[in-house]
Protein chains: 4
Amino acid sequence: MIKIGIVGAAGYSGLELIKLLLNHPEAEIYNLFGNNSVGNRIEEIHPSLRGMISKEILSFDEKLLADLDLLFVALPSGQAIPYVKSAYENGAKVIDLGGDFRLNDPNDYNKYYKHEHTAPDLANIAVYGLSEWNELEISKAAIVANPGCYPTSILLPLIPLLKENLMDRDFISIVSYSGTSGAGKSLSENMIFSEVNESVRAYKVGNHQHTPEIKRYLSMFGCSEPTFSFVPHLLPISRGIYTTIHAKVNDNVNEILCMEIFNKYYKHAPFVRIIYPQIPEIKNVTYTNYCDIGFSIDNGIITIISTIDNLIKGAAGQAVQNMNIMFGIDQTEGILKCSKKKYLKVQSV
Amino acid sequence: MIKIGIVGAAGYSGLELIKLLLNHPEAEIYNLFGNNSVGNRIEEIHPSLRGMISKEILSFDEKLLADLDLLFVALPSGQAIPYVKSAYENGAKVIDLGGDFRLNDPNDYNKYYKHEHTAPDLANIAVYGLSEWNELEISKAAIVANPGCYPTSILLPLIPLLKENLMDRDFISIVSYSGTSGAGKSLSENMIFSEVNESVRAYKVGNHQHTPEIKRYLSMFGCSEPTFSFVPHLLPISRGIYTTIHAKVNDNVNEILCMEIFNKYYKHAPFVRIIYPQIPEIKNVTYTNYCDIGFSIDNGIITIISTIDNLIKGAAGQAVQNMNIMFGIDQTEGILKCSKKKYLKVQSV
Amino acid sequence: MIKIGIVGAAGYSGLELIKLLLNHPEAEIYNLFGNNSVGNRIEEIHPSLRGMISKEILSFDEKLLADLDLLFVALPSGQAIPYVKSAYENGAKVIDLGGDFRLNDPNDYNKYYKHEHTAPDLANIAVYGLSEWNELEISKAAIVANPGCYPTSILLPLIPLLKENLMDRDFISIVSYSGTSGAGKSLSENMIFSEVNESVRAYKVGNHQHTPEIKRYLSMFGCSEPTFSFVPHLLPISRGIYTTIHAKVNDNVNEILCMEIFNKYYKHAPFVRIIYPQIPEIKNVTYTNYCDIGFSIDNGIITIISTIDNLIKGAAGQAVQNMNIMFGIDQTEGILKCSKKKYLKVQSV
Amino acid sequence: MIKIGIVGAAGYSGLELIKLLLNHPEAEIYNLFGNNSVGNRIEEIHPSLRGMISKEILSFDEKLLADLDLLFVALPSGQAIPYVKSAYENGAKVIDLGGDFRLNDPNDYNKYYKHEHTAPDLANIAVYGLSEWNELEISKAAIVANPGCYPTSILLPLIPLLKENLMDRDFISIVSYSGTSGAGKSLSENMIFSEVNESVRAYKVGNHQHTPEIKRYLSMFGCSEPTFSFVPHLLPISRGIYTTIHAKVNDNVNEILCMEIFNKYYKHAPFVRIIYPQIPEIKNVTYTNYCDIGFSIDNGIITIISTIDNLIKGAAGQAVQNMNIMFGIDQTEGILKCSKKKYLKVQSV
């Protein structure tokens, strides 16, 4: 059994982590840590958990790390550093679901996250947890920086096509829509129901913190840096991200070739479904760890569409997938229910 | 392994059944039967299932029943009879998720379901699958009539208090609100998004088909027949039922006594959570098999509130719970993820 | 032209007031007052108003009252008293949309609103603005206490039937569901979109501040006090209240008699529509000042259903209706668009 | 008074037309025509209208045209031709809210609307009703083809910038999201609430019927034809369109220049609000005839965002605006409520 601690269990990603781990045959939730929630029981914070788990939320204590094999940190970006540092120094593996270890240029933290980074050395050690593209590194990592929700929905469809030079790097349009749980439980007037419902708004146009993350990892995974514009929008739904990408394709690129490239990279990926010629829908992936990808070429322009559940493949699900990789377990364990021993991969050219 | 067939896999309850059974260690989905959907693969009908199951939907054939231990029938009310009959005659156990075997007075079918009942003898044999109140009968049943979603949310909180004479039988007010999936995939103008969204409406006031079901089973489970009015409403959400009940309580009845009565009957019930003095919320039970019950007494009137997921505890979840009972398996198997071998029952007086 | 000031223009009711008054041929919005919003322009606070009105929000100043014929106060309950007092002392008429002048027993403020009432003498002078039942008093009032949203939806259907002794006073069940705008813009974790969406919850069971308001005015408008239980619920929609009432009817009461009674009182009421035998739906009244009422009798129990837009008939619309009454204008002016000079009243027995 | 007939009053655009015209001082709704709804009263079809209008829906009869000054046709595309033809031949002006008179190449009807066009001569006579760009032609028109909802939200922001050569014509990305009322009341399984709610899907990728409309009118209004990709998506809200456009800007183009260009064309346009540097939100335009436009330039790429209410500026509101232009009335009459005689235009560089 993997003995697990969670910092930030009171949030939405924390809740999803707990639900996944309760269903995982090799995981044991050992300690829950918090700040404001210390002294409460987790089933009081998340009444949906009543009857499934009963545990007091503790104040973080370095000594308790000795009992743990793995610490998940599910805090708002900017708060994870001391916990990750402590775990690292005490020999526990860590998966950070926030943004504090995804970038390596400290200036980017100042610019996009609006705070200094106090442990740039650890940010350099951390391994980016995009499971499908970094499996080997993740398997050896001490610190995993779990990807952001938007980047997961963008990198998975973009990397194969850019890496294989199918698209014009000159100008790529990325338009993403996200449900509200991506903003966590933070209080602000523009997140109350009456303000969000029956509306849509773009936000952080030109300066979202996921922009440098997308840029860095496109480059790291073999795509010479393209010029792109990324615009996130807020949707009046609770869960799910929908990303629509436009780019010019190079001559002689057609849909069959795209399908071949996607198959080359994702044929054996249990959580990426290339559903061409169907069109992805958010409801087909919510409450799952899947990323569904569709595409279409018309008039020299490719439209690529992808969708994930921001709390699962975009957070807790990919984190458990990474845990499985780090501990040498089948990466679908505790995440995918399927009818055969081995998961089905149904796509074909 | 229990070999299972499903009639009506293309509907919402069918989809939930498949998801639950894929996660059940002792269940094997063997055959899927349909009418309009015959020849399609189930993962085309429900794209969310891609990668988890791949199976063609067959035309129902009595001969295939020989391979099956259990047939689930998840059809709109009025369509189940031939399938249930065929299974019964061929020795396969059956759980019908529709309304065709819940009532025993043929006139009630004419009045509430607007059709003749063609197998009243089988309706008399069928056992009502309210798991918490009929476990012994279910364990021996050949045909289980799975309860309606509204009645499940109403009978679970009402039976203990009425049975123990805490409430005035003279007049009980029952107001229920349901998400749209309760109406299935049937096409009608008043179910399109633009008509349902940002609105609420009561419907079938005074003549909903669940009224005789509630009446019959209150009586069967020990409550001499009360006079009640039941008004169902349509909510602009996908899943969940919220039931608010008002009644006068008898003298000397207080909240502590109510808690004791609920504990008497539900202390060991894994899927009923008495959450007094908290107030139930739909979101705490969606995607689970729980029924959450709260209550409050003020000025001689009790307010009882219960909530379930209409597709799980109100349909597929209770059906799998009943399957477990019929096959001698722990009733939580495949349904409840929890942190201990045995589920937790946290309520106490 | 009626010269108008508004305190609390930054809130939801304030916004609706402004929209209604911009469309009113005899109203002129003269001054907008605020606290936190002072110095901002109203079209910055409510960007939907850009192009329609451009006005700076001022700090309240008693001297400016001399310019005004009428002051609307649209603040959270507990904050209106100094403004109402100041207007009263300076000879401007006032309509308070909050709860500070609806009750006359100071203990009720302590118990339900959780604060002392500092001007009980004014609370005694204030006239309750239930337009359909208090027109004469309103026409002469210096201070109008505009009704609460729930009480409006409850009193309008209940008063006629109770006043005429059609119902058993012994026990009346009142179940109301409200959209989120009823809670204003106040920040609390349980009002953020992710918490409200796809859920329902009852709240303040047994102790909502509208309970004493309902009780007081049932009595004032001729109904000897009945015993009732009122349970409010929060709906995942922005606007609208849906109220379902159950009571036993007295012998010989039938639906035709109810219709006659409703016609007796509401035949000439421009904003009450008795839609028997249809069933009210929230979407038919949102963005209007209508209260739609339906009913049905079955088995000796009457089900009465009413619906309003909480921000219009439940707040700003009824306030403008009251303004019309106070200033001797046709009460539909600026509120009702209709095809004839006189509004249509279509119901008949 | 302008005597008005409406064909298709039972639909969503028809309902909005009626509401706007009831509030219009110079309009009189004279006849309502229908097919399936003939013999019903309009207030039975749209219960929200009860008390405001009471009129029977008639079978269309050419003879009744003599009484009319103007016929609105609000039918699904493909059904308007006989009505428009009949009105044209009988001397009544016509505004068609559907797509039957927007294109002039009959092949486009075959390709995008899937039917033959039976009156190509009339399609050539029809004037495109994009009020802000075609006022002179509209004022003289016999037949106005009211613009599609998506094209309205796309042409208004794009024309000024393309006309003035600010953007690279080589590749423009257009991503639009629409509420469900854009699909009318048509019945299909994928429009029921349970399928649309909590989800998003792109549709008609590469072959939406608004693509040739956008292309034709960009060219007609002075933009040499750009290469663009337009992807519409379905949103789980009732009303509103949100369009996000990406393009490379030419050298030396900055935000101040864009603002100047927008002001050049829209300074006096009562229904276009350039809200830079704010970001448009759907909720600021729903139930209004406004188009809100925002923009931002970053890294050589411009992001342009626009939003409208698809039923108002995208249908009935723009239709009434066109009626005003056709009959020499101030174009805001009956549509815009504002605090001064003349509407406010608040934007400035």
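Residues numbered from 1 in each chain as written. Chains lettered and ligands numbered in written order. Predicted model: local features only at pLDDT ≥ 70, side-chain atom pairs only at ≥ 80, totals over all residues. Heavy atoms only, no water.

1. A closer look at the relation of the copies chain D and chain C
As a reminder, the rule being used: Least squares is the method for superposing the copies, and the C-alpha atoms it fits come from residues with pLDDT of at least 70 in both. The contact criterion used throughout is that any non-hydrogen atoms of two residues lie within 4.5 Å.
Superposing chain D onto chain C takes a rotation of 180° plus a shift of 0.0 Å along the axis, which leaves an RMSD of 0.0 Å. Such a combination of turn and shift is consistent with a two-fold rotation axis. When each C-alpha of chain D is compared by its distance to the rotation axis, Glu198 of chain D comes out closest, at 4.4 Å. Comparing interface residues between copies, 100% of those in chain D also lie at the interface in chain C; the contact surface is shared.

2. Here's the deal with the interface of chain D and chain C
By convention, interface size is frequently given as the accessible area that disappears when the constituent parts associate. Worth spelling out the cut-off: Summed over both partners, buried area is the accessible surface (1.4 Å probe) that two parts give up on being assembled. The term salt bridge refers to a side-chain nitrogen of Lys or Arg lying within 4 Å of a carboxyl oxygen of Asp or Glu. Polar contacts, as counted here, are pairs of nitrogen or oxygen atoms within 3.5 Å of one another; within protein the pair requires one atom able to donate a hydrogen and one able to accept it, and residues that are adjacent in sequence qualify only if both atoms are side-chain atoms. Under the grouping applied here, Gly and all other residues not named as nonpolar or charged are polar, the nonpolar ones being Ala, Val, Leu, Ile, Met, Phe, Trp, Tyr, Cys and Pro and the charged ones Asp, Glu, Lys and Arg.
If you look at the interface, chain D gives 26 residues, while chain C gives 26 residues. Around 2500 Å² of area is buried between chain D and chain C when both sides are counted, 54% of it from carbon and sulfur atoms. Linking chain D to chain C there are zero salt bridges. Counting every contact that joins chain D to chain C gives ten residue pairs in polar contact (both at pLDDT 80 or more). Split into classes, the residues belonging to the side of chain D that touches chain C amount to 13 nonpolar, eight polar and five charged.

3. With respect to the interface of chain A and chain D
Counted only if it meets this: Helix numbers and strand numbers start at the N terminus; a helix is a DSSP run of H or I with at least 4 residues, a strand a run of E with at least 2.
If you look at the interface, chain A gives 41 residues, while chain D gives 41 residues. Summing both sides of the interface, chain A and chain D together bury roughly 3500 Å²; the carbon and sulfur share of this comes to 61%. Across the contact surface, chain A and chain D share six salt bridges. A salt bridge links Lys283 of chain D to Glu195 of chain A, with the shortest nitrogen-to-oxygen separation between them at 3.1 Å. In this assembly, chain A and chain D are joined by 21 residue pairs in polar contact (both at pLDDT 80 or more). The greatest single-element share of the side of chain A that touches chain D, amounting to six residues, is contributed by strand S8 (residues 167–178) of chain A.

4. What to know about unusual backbone geometry
Worth spelling out the cut-off: A 1.4 Å probe rolled over the protein chains alone gives each residue an accessible area, and that area as a share of the maximum for its type sets the label: buried under 20%, exposed over 50%, partly exposed in between.
Omega for the peptide link from Tyr276 of chain B to Pro277 of chain B comes to 0°, which places this bond in the cis form. Positive phi, normally seen in glycine, also occurs at Asn299 of chain A, with a value near 65°. Among the residues examined, Asn299 of chain A registers a relative accessible area of 53% and is labelled exposed. Phi is positive for Glu198 of chain C, close to 55°, though the residue is something other than glycine. Examined against the element boundaries, Glu198 of chain C turns out to sit in the loop between helix H8 (193–196) and strand S9 (201–202). You can call Glu198 of chain C buried: its relative accessible area is 14%.

5. Topic: helix H4 (residues 106–113) of chain A
Every α-helical turn comprises 3.6 residues, leaving residues that sit three or four positions apart pointing alike. All names here are of chain A. Keep this limit in mind: Directions pointing from the helix axis toward each C-beta atom define the arc.
Listed as buried for H4 are Asp108, Tyr109, Tyr112 and Tyr113. An end-on view of H4 places all buried positions within 105° of arc, on one side of the element. For H4, the exposed residues set more than 90 degrees away from the buried face come down to Asn107 and Lys111. In this fold, the buried residues of H4 make contact with helix H9 (210–220). Where H4 begins, one side-chain oxygen reaches toward the backbone nitrogen of Asn107, 2.8 Å away; that side chain belongs to Asp105. Positive phi appears at Lys114, one or two residues downstream of H4, with a value of about 60°.

6. Here we look at the relation of the copies chain A and chain D
Least-squares fitting of chain A to chain D yields an RMSD of 0.0 Å, with the superposition described by an axial translation of 0.0 Å and a rotation of 180°. With an isologous cut-off of 70% or more, the 100% of interface residues of chain A that recur at the interface of chain D puts this contact in the isologous class.

7. Some details on the sheet that holds strand S13 (residues 291–298) of chain A
In plain terms, the rule: For two strands to count as paired, DSSP must find a minimum of two bridges between them.
Strand order in the open sheet formed by seven strands is S9-S10-S8-S11-S14-S13-S12 (chain A), and the pairing between neighbours is mixed. Of all strands in the sheet, those with a lone pairing partner are strand S9 (201–202) and strand S12 (272–274) of chain A, marking the two edges.

8. A short note on the pairing of strand S5 (residues 93–96) of chain B
Residues and elements named next belong to chain B. Here is the rule we go by: If the strands point away from the viewer and the path from the first strand over the helix to the second runs clockwise, then the crossover is right-handed.
The pairing of strand S4 (residues 70–73) with S5 spans four bridges and is parallel. Note that in S5 the partner of Leu71 across the bridge is Val94. Note on the crossover from S4 through helix H3 (residues 81–89) to S5: the handedness is right-handed. Across three bridges, the pairing between S5 and strand S7 (residues 143–145) is parallel. Bridge pairing in S7 links Ile95 to Val144.

9. Some words on the packing of aromatic side chains
Describing an aromatic ring pair means giving the distance of the ring centres and the angle of the ring planes. Operational definition: Only Phe, Tyr and Trp rings take part, Trp by its six-membered ring, and two of them pair if their centres are within 6.5 Å. Stacked means planes under 30 degrees apart, edge-to-face means over 60, and tilted covers everything else. By definition here, charges over rings are those cases where NZ of Lys or CZ of Arg is within 6 Å of the ring centre and within 35 degrees of the ring normal.
Using the criterion set out here, one finds 60 aromatic pairs over all chains in the structure. Taking the centre distance of 5.3 Å and the plane angle of 70° together, the rings of Tyr150 of chain B and Phe230 of chain B count as edge-to-face. Here Tyr150 of chain B, found in helix H7 (residues 149–163), pairs with Phe230 of chain B, found in strand S10 (residues 228–234); they are 80 residues apart in sequence, far enough to count as distant. Where Trp133 of chain C meets Phe221 of chain C, the ring centres are 6.4 Å apart and the plane angle is 45°; that geometry is what we call tilted. With Trp133 of chain C in the loop between strand S6 (127–128) and helix H6 (135–140) and Phe221 of chain C in the loop between helix H9 (210–220) and strand S10 (228–234), this residue pair connects regions lying 88 residues apart in the sequence. With relative accessibility at 15%, the residue Trp133 of chain C sits in the buried group. By relative accessible area, which is 7% here, Phe221 of chain C ends up buried. One aromatic cluster in this structure is built from Tyr128, Trp133, Tyr217, Phe221, Phe262, Tyr265, Tyr266, Tyr276 and Phe295 of chain A. The ring centre of Phe327 of chain D lies 5.4 Å from the NZ or CZ of Lys93 of chain D, which sits over that ring.

10. Some remarks on the domain arrangement of chain A
All names here are of chain A. Test applied: Per the annotation, domain bounds derive from an automatic or database assignment of domains.
By the assigned domains, chain A splits into domain 1 (2–146 + 313–326) and domain 2 (150–310). Look at where the C-alpha atoms of domain 1 and domain 2 centre, and you get two points 24 Å apart. Of the residues lining the interface, 22 residues belong to domain 1; the matching set on domain 2 comes to 31 residues. For the pair domain 1 and domain 2, the two sides together bury roughly 2300 Å², of which 61% comes from carbon and sulfur. Across the domain 1-domain 2 interface, the total number found is two salt bridges. Of the charged contacts in the structure, one is a salt bridge between Arg102 and Glu213, with a shortest N-O distance of 3.2 Å. Where domain 1 meets domain 2, there are 14 residue pairs in polar contact (both at pLDDT 80 or more). Contributing elements (two or more residues each) for the side of domain 1 that touches domain 2: helix H1 (12–22), H4 and helix H11 (312–326). Of the residues forming the side of domain 1 that touches domain 2, the biggest block, six residues, is contributed by H11. Its residues assigned to classes, the side of domain 1 that touches domain 2 comprises ten nonpolar, seven polar and five charged.

11. Observations regarding helix H1 (residues 12–22) of chain D
Of all the eleven residues making up H1 of chain D, ten are buried; the element is thus mostly covered by neighbouring parts of the structure. Looking at H1 of chain D, one finds that the buried residues are Tyr12, Ser13, Gly14, Leu15, Glu16, Leu17, Ile18, Leu20, Leu21 and Leu22 of chain D. Looking at the buried residues of H1 of chain D, the elements they touch are helix H8 (193–196) of chain B together with strand S1 (2–7), strand S2 (27–34), helix H2 (42–45), strand S4 (70–73) and helix H11 (312–326) of chain D.

12. Some points on the environment of Asn107 of chain B
Among the secondary structure elements, Asn107 of chain B is positioned in helix H4 (residues 106–113). With relative accessibility at 51%, the residue Asn107 of chain B sits in the exposed group.

13. Here we look at the packing of helix H7 (residues 149–163) of chain C against helix H10 (residues 255–266) of chain C
Residues and elements named next belong to chain C. This is how the line gets drawn: As a rule, the C-alpha atoms of each element are fitted with a line to give its axis, helices using only the stretch in contact, and angles between N-to-C directions run from 0 to 180 degrees. Any angle from 65 to 115 degrees is called roughly perpendicular, while one under 35 is roughly parallel, one over 145 is roughly antiparallel, and all others are oblique. Whether a crossing is left-handed or right-handed is set by the direction in which the near helix is turned from the far one by less than a right angle, anticlockwise for left-handed and clockwise for right-handed.
H10 packs onto H7 with a crossing angle of 110° between their chain directions and a minimal axis gap of 10 Å. Relative to H10, H7 is oriented roughly perpendicular. Considering the relative orientation of H7 and H10, their crossing is right-handed. Across from Leu155, Leu156, Pro157, Pro160, Leu161 and Lys163 in H7, the residues of H10 making contact are Cys258, Ile261, Phe262, Tyr265 and Tyr266.

14. Details of the side chain of Asp309 of chain D
All names here are of chain D. Considering the arrangement of structural elements, one finds Asp309 in the loop between strand S14 (301–308) and H11. Given a relative accessible area of 0%, Asp309 falls into the buried group. At 3.0 Å, the side chain of Asp309 and the side chain of Arg239 are in polar contact. A distance of 2.7 Å separates the side chain of Asp309 from the backbone nitrogen of Tyr287, its partner in a polar contact. What Asp309 contacts, discounting residues up to four positions off in sequence, is Arg239, Gly240, Val285, Thr286, Tyr287, Thr288 and Gly314.

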